[in-house]
Amino acid sequence: MPRTDEAKAFFHAVYSAIQEVPHGKVTSYGHIARLIGTPQRPRQVGVCLKHLSSDTSQTFHNGNVPWQRVINSKGIISPRGYPSGAANQAQALRGEGVTVTTGNLGELMVDFAEYGWFPRQLPSEEAAGIAPLIDSDDEG
DNA sequence: ACGCTGACCCTAC
DNA sequence: TGTAGGGCCAGCG
């Protein structure tokens, strides 16, 4: 749980943004950071997910925030800690139809070309007519 | 209050 | 193609 109001706002922004990632799609920590206007803080996005609670009485919890749809920029499910919650994340993704492959070193990978979700801005903002935070030309 | 850690990412050799 | 280093900053000792 974040202490300062600023951190709280950041956590809220992160969780809200992640909730907009469509079922069966994946995006990256860095992209979430950019979508919410803090492109230099992909790390803190990870912090937010780490602190995601299973307590359903909380506004945000692992039941209403699709944490499994956030992976790193290389398309790999970030390994962390013991046995790797990554394996669990892979299962959650497979459960929604995402193909997760295993590399030679045991990395759990997802094909961005197939499942990647990288909009210029959050769908909710687009619907509200808010100007995009990310200005881009192409992106293939 | 201080220092280290870490679900990351980009730029340089 | 692969390795190193810097930036980021909330948690936790």
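Right, let's walk through the structure included here. Computed from a predicted model, the values in this text were never measured in an experiment.

1. Remarks on the overall build of chain A
For step 1, the next point in the chain: Across its full length, chain A carries six helices and four strands.
For step 2, the next point in the chain: Listing each helix as α and each strand as β along chain A from the N terminus yields α-β-α-α-β-α-β-β-α-α.
For step 3, the next point in the chain: Against the 2.2 N^0.38 benchmark of 14 Å for 140 residues, chain A shows a C-alpha radius of gyration of 15 Å, consistent with a compact globule.
For step 4, the next point in the chain: Across its three principal directions, the C-alpha atoms of chain A cover 45 × 40 × 25 Å.
For step 5, the next point in the chain: Each of the 140 residues in chain A was classed as buried or not, and the buried ones make up 39%.
For step 6, the next point in the chain: In chain A, once contacts between residues fewer than 6 apart in sequence are set aside, the share between residues at least 24 apart is 58%.

2. Let's talk about helix 3 (residues 42–50)
For step 1, the next point in the chain: Inspection of helix 3 places Val45, Cys48 and Leu49 among the buried residues, and these make up the whole buried set. Burial along helix 3 is one-sided: seen end-on, the buried residues are contained in an arc of 95°. Seen from the open side of helix 3, the exposed residues pointing more than 90 degrees away from its buried face are Arg43 and Lys50.
For step 2, the next point in the chain: In this structure, the buried side of helix 3 is in contact with helix 1 (5–18), helix 2 (29–35) and strand 2 (70–71).

3. Structural notes on the packing of helix 1 against helix 3
For step 1, the next point in the chain: Where helix 1 contacts helix 3, the axes come no closer than 10 Å and their chain directions differ by 80°. As far as their axial angle goes, helix 3 and helix 1 are roughly perpendicular. Contacts between helix 1 and helix 3 involve Phe10, Phe11, Val14, Tyr15 and Ile18 from the former and Gln44, Val45, Val47, Cys48 and Leu49 from the latter.
For step 2, the next point in the chain: Partitioned by chemical class, the residues of the contact of helix 1 with helix 3 number nine nonpolar, one polar and no charged.

4. Thoughts on the environment of leucine 93
For step 1, the next point in the chain: Summarising the element assignment, leucine 93 is placed in helix 4 (residues 85–95).
For step 2, the next point in the chain: For the pair formed by leucine 93 and glycine 24, sequence separation is 69 residues and the distance between their alpha carbons is 7.2 Å.

5. A look at the pattern of salt bridges
For step 1, the next point in the chain: What the rule picks out here adds up to one salt bridge.
For step 2, the next point in the chain: For arginine 69, the salt bridge goes to glutamate 96, with nearest N and O atoms at 2.8 Å. Residue arginine 69 is found in the loop between helix 3 and strand 2, and its partner glutamate 96 is found in the loop between helix 4 and strand 3 (100–102); the two are separated by 27 residues along the sequence.
For step 3, the next point in the chain: For arginine 69, a relative accessible area of 10% corresponds to the buried category.
For step 4, the next point in the chain: Since its relative accessible area comes to 11%, glutamate 96 is described here as buried.

6. A look at the environment of serine 57
For step 1, the next point in the chain: With respect to the element layout, serine 57 can be found in the loop between helix 3 and strand 2.
For step 2, the next point in the chain: Put simply, serine 57 and glutamate 96 are 39 residues apart on the chain and 25 Å apart in space, counted from C-alpha to C-alpha.
For step 3, the next point in the chain: Side-chain polar atoms of serine 57 contact the side chain of aspartate 55, separated by 2.8 Å.

Scoring rules and cut-offs
Residues numbered from 1 in each chain as written. Chains lettered and ligands numbered in written order. Predicted model: local features only at pLDDT ≥ 70, side-chain atom pairs only at ≥ 80, totals over all residues. Heavy atoms only, no water. Helix = DSSP H or I, 4+ residues; strand = E, 2+ residues; numbered from the N terminus. Rg over C-alpha atoms; globule rule 2.2 N^0.38 Å. Buried < 20%, exposed > 50% of the residue type's maximum accessible area, 1.4 Å probe, protein only. Contact = heavy atoms within 4.5 Å. Arc of directions from axis to C-beta. Axes fitted to C-alpha atoms, helices over the stretch in contact; angles between N-to-C directions. Parallel < 35°, antiparallel > 145°, perpendicular 65-115°, else oblique. Nonpolar A, V, L, I, M, F, W, Y, C, P; charged D, E, K, R; others polar. Salt bridge = Lys/Arg side-chain N within 4 Å of Asp/Glu carboxyl O. Polar contact = N/O pair within 3.5 Å; in protein donor to acceptor, adjacent residues only side chain to side chain.

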